[in-house]
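# A closer look at the structure
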Amino acid sequence: MAQWALVTGATAGIGESFTRLLASKGYNVALVARDEARLHERAAGLREKYGVQTFVLPADLSTNEGCRSVEDYISTYEIEVLINNAGFGINKAFSASQIDAEQQMFDVLVRTPMRLMHTIIPGMKERKSGIIINNSSVASFIAGGTYSAAKSYMTVLSESMNTELASSGVKVSALCPGFTRTEFHERGRMKMGGLPNFMWLNADKLVAQSWKDALANKPVSIPGWQYKLLVGAISTIPRKFVRQIGMNVRKKQR
């Protein structure tokens, strides 16, 4: 019997790429996002192309109700793979942003994936199997406002859980991509025209790398030679320069 995977933010970008990769591996896929019509469209495409089962779960993960609905689903059904992918960014400095928008971003990027992990891990430990991939970011290694702070939480939590669960058969990995060609920046109304072409990643390729790294139980996956070099450099330079780099990147996007 085919196992089930659950993907949040499943209708576009990295999340949509994960649904196709998992379906191609024979997993049935539960898709979570806000847009119900788009969810059904993506689910139908997976069934037609890969012959897998799908389940559509419309949910706004910035709300308590939306988060609980996914927690309840995870508690009820046996999920072998959890992809915490849903997310968005705010194109304003923290000092100029709306607190409601900041709270919503925090809830989607931190609160919800943390709660879903906490819900799913006991069952995975009992079965001695399971894979969790948290879509973090290269931004987690710099100081780029609340988005970086939220992603830092996910990277560190993933590393911690990878170590804590090392002997349990449960694998946890943080995917830390750089700039990727998805709808993310357009939705956030971010200015990206000045970014060199070589800095852009392909969603399907980075998802394939992330899956390979997760199977190898690597705590952190950084796709792309350019971002491996960048993260390596960040670890060697004084933190005050890292802070300035983070602020400069954010300013150019506004």
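Check the entry above for the structure.
The following refers to the structure shown. Nothing here was measured: the structure is a model prediction, and the numbers come from that model. (Residues numbered from 1 in each chain as written. Predicted model: local features only at pLDDT ≥ 70, side-chain atom pairs only at ≥ 80, totals over all residues. Heavy atoms only, no water.)

The next point concerns the overall build of the protein chain. Secondary structure assignment for the protein chain yields nine helices and seven strands. On C-alpha atoms alone, the protein chain measures out to a radius of gyration of 18 Å, which is about the 18 Å that the 2.2 N^0.38 rule sets for 254 residues. Overall size of the protein chain, expressed as C-alpha extent along the three principal axes, is 50 × 40 × 35 Å. For the protein chain, the proportion of its 254 residues judged to be buried stands at 52%. The distance from the centre of the 31 positive side-chain charges to the centre of the 21 negative ones in the protein chain is 10 Å. (Helix = DSSP H or I, 4+ residues; strand = E, 2+ residues; numbered from the N terminus. Rg over C-alpha atoms; globule rule 2.2 N^0.38 Å. Buried < 20%, exposed > 50% of the residue type's maximum accessible area, 1.4 Å probe, protein only. Lys, Arg positive; Asp, Glu negative; His and termini not counted. Charge placed at Lys NZ, Arg CZ, Asp CG, Glu CD.)

Glancing now at the packing of helix H1 (residues 13-24) against helix H2 (residues 36-50). In contact at an axis separation of 10 Å, H1 and H2 are set at 25 degrees when each is read in the N-to-C sense. Put simply, H1 runs roughly parallel to H2. At the point where H1 passes H2, the crossing takes the right-handed sense. Taking contact as the criterion, the partners of Glu-16, Thr-19, Arg-20, Ala-23 and Ser-24 in H1 are, on H2, Arg-42, Leu-46 and Tyr-50. Class assignment for the residues of the contact of H1 with H2 results in three nonpolar, two polar and three charged. (Axes fitted to C-alpha atoms, helices over the stretch in contact; angles between N-to-C directions. Parallel < 35°, antiparallel > 145°, perpendicular 65-115°, else oblique. Left-handed = near helix turned anticlockwise from the far one by under 90°. Contact = heavy atoms within 4.5 Å. Nonpolar A, V, L, I, M, F, W, Y, C, P; charged D, E, K, R; others polar.)

Turning our eyes to something else, we now look at the sheet that holds strand S5 (residues 130-135). Taken together, the seven strands give an open sheet; going across it, the order is S3-S2-S1-S4-S5-S6-S7, and neighbouring strands pair in parallel fashion. Looking along the sheet, the strands with just one partner apiece sit at the ends: strand S3 (54-58) and strand S7 (220-221). In terms of strand pairing, S5 meets strand S6 (residues 170-175) through six bridges, oriented parallel. Along S6, the bridge assignment pairs Asn-135 with Leu-175. Its contacts with the sheet place H1 against strand S1 (4-8), strand S2 (28-33), strand S4 (81-84), S5 and S6, and it is angled at close to 170 degrees to S1. The strands touched by helix H4 (residues 99-127) within the sheet are S1, S4, S5 and S6, with S4 carrying the most contacts at an inclination of about 170 degrees. (Pairing = 2+ DSSP bridges.)

This paragraph deals with the nonpolar core. Residues Phe-18, Leu-22, Val-81, Ile-133 and Trp-211 are the most contacted members of the largest nonpolar core, which totals 37 residues. When near neighbours in sequence (up to four residues on either side) are disregarded, Val-81 contacts Trp-4, Ala-5, Leu-6, Leu-22, Tyr-27, Met-124, Ile-131 and Trp-211. (Core = buried A, V, L, I, M, F, W, Y, C linked by side-chain atoms within 4.5 Å.)

Moving on to the packing of aromatic side chains. A full pass over the atoms with the stated rule returns three aromatic pairs. Between Phe-55 and Tyr-73 the ring centres are 4.7 Å apart and the planes differ by 20 degrees, which places this aromatic pair in the stacked class. Highlighted residues: Phe-55 in strand S3 and Tyr-73 in helix H3 (residues 64-76), separated in sequence by 18 residues. The class of Phe-55 is partly exposed, set by a relative accessible area of 33%. Taking 4.8 Å as the distance between ring centres and 40 degrees as the angle between the ring planes, the aromatic pair formed by Tyr-73 and Tyr-77 counts as tilted. On the accessibility criterion, Tyr-73 (9% relative accessible area) is buried. Pairwise contacts between aromatic rings join Phe-55, Tyr-73 and Tyr-77 into one cluster. (Phe/Tyr/Trp six-rings, centres within 6.5 Å; stacked < 30°, edge-to-face > 60°.)

For H1, spanning 12 residues, the distance from its first C-alpha to its last is 17 Å, which sits close to the expected 16 Å at 1.5 Å a residue. Within H1, 10 of the 12 residues are buried, leaving the element largely enclosed by the surrounding structure. Along H1, the residues classified as buried are Gly-13, Ile-14, Gly-15, Glu-16, Ser-17, Phe-18, Thr-19, Leu-21, Leu-22 and Ala-23. Of the residues trailing H1, Gly-26 is marked for its positive phi of about 95 degrees. (Expected span 1.5 Å × (residues − 1).)

Here we come to unusual backbone geometry. Among all residues save glycine, negative phi is the norm, and among peptide bonds the norm is trans. A positive phi angle, close to 60 degrees, is found at Lys-128, a residue other than glycine. Within the secondary structure, Lys-128 sits in the loop between H4 and S5. For Lys-128, a relative accessible area of 62% translates into the label exposed. Its identity as a non-glycine residue notwithstanding, Asn-217 has a phi of 60 degrees, on the positive side. Along the polypeptide, Asn-217 turns up in the loop between helix H7 (203-215) and S7.

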